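Overview (structure and organization)
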Amino acid sequence: RLTTPKASGLLRIGLIDYFLPELLPDLLSKFRKQFPNIQLEIQTEVGIGLMPMFEKGELDLVVLGKDEHKGKSRVLLQEPLIWVTGRDTDLSPDKALPLILMPSPCNFRKVALEGLEKANRKWEILFTGTSTASIQAAVKVGMGVSVLPMGALKEGMKKAPAQLELPELPMFT
């Protein structure tokens, strides 16, 4: 529909909630200039909540992690998943790792727990959040360690130090 001249109508898009917020204003501006007659409705949420909406026909397009959908998809971006802590967080590799994660079935949670189990690393979940913003806030105040895509690393956060000896993480696609 967008390729037709002077396309018009409603386009309902679901975006994973951390989707590069610093890039979104520029992308929206470019879209508005190219398609001035298209009304946008954007739903942001953690990826696991977007697919049911797409499958019910409530969204026309979704942008989320590939692991959350096994059907037809197109890779728009790849970035590394990283272990993150607060800028001033000091953790010991000898103690149980305090974790900040989303609830199941979050793929980041799954990757973190599987990696720690495989590495025989002791851990405990100290905070469960339901949005990227809540995870980032808990990390910033030093509650523990989380797994996020590189693009979700914000001021007040840092990559976890190597001395924590955390397992390698895959790319986020």
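Data block above holds the structure.
The rules behind the values
Residues numbered from 1 in each chain as written. Predicted model: local features only at pLDDT ≥ 70, side-chain atom pairs only at ≥ 80, totals over all residues. Heavy atoms only, no water. Helix = DSSP H or I, 4+ residues; strand = E, 2+ residues; numbered from the N terminus. Contact = heavy atoms within 4.5 Å. Expected span 1.5 Å × (residues − 1). Buried < 20%, exposed > 50% of the residue type's maximum accessible area, 1.4 Å probe, protein only. Salt bridge = Lys/Arg side-chain N within 4 Å of Asp/Glu carboxyl O.

1. Some thoughts on the environment of Thr-44
- For Thr-44, the position within the fold is in strand β2 (residues 38–45).
- C-alpha of Thr-44 to C-alpha of Ile-13: the two residues are 31 residues apart in sequence and 8.5 Å apart in space.
- Ignoring anything within four residues of it in the chain, the contact list for Thr-44 reads Leu-15 and Asp-17.

2. Focus: helix α3 (residues 107–118)
- Taking 1.5 Å per residue, twelve residues should reach 16 Å; α3 reaches 16 Å between its end C-alpha atoms and fits that length.
- Looking only at α3, the buried set comprises Asn-107, Phe-108, Arg-109, Val-111, Ala-112, Leu-113, Gly-115 and Leu-116.
- Where α3 terminates, the next one or two residues include Asn-120, which has phi positive at roughly 55°.

3. Quick look at the pattern of salt bridges
- Under the criterion given, the structure shown has two salt bridges.
- Of the charged contacts in the structure, one is a salt bridge between Asp-60 and Arg-12, with a shortest N-O distance of 2.9 Å. Taken as a pair, Asp-60 in the loop between α2 (47–55) and β3 (61–63) and Arg-12 in strand β1 (residues 9–16) lie far apart in primary sequence, 48 residues in all.

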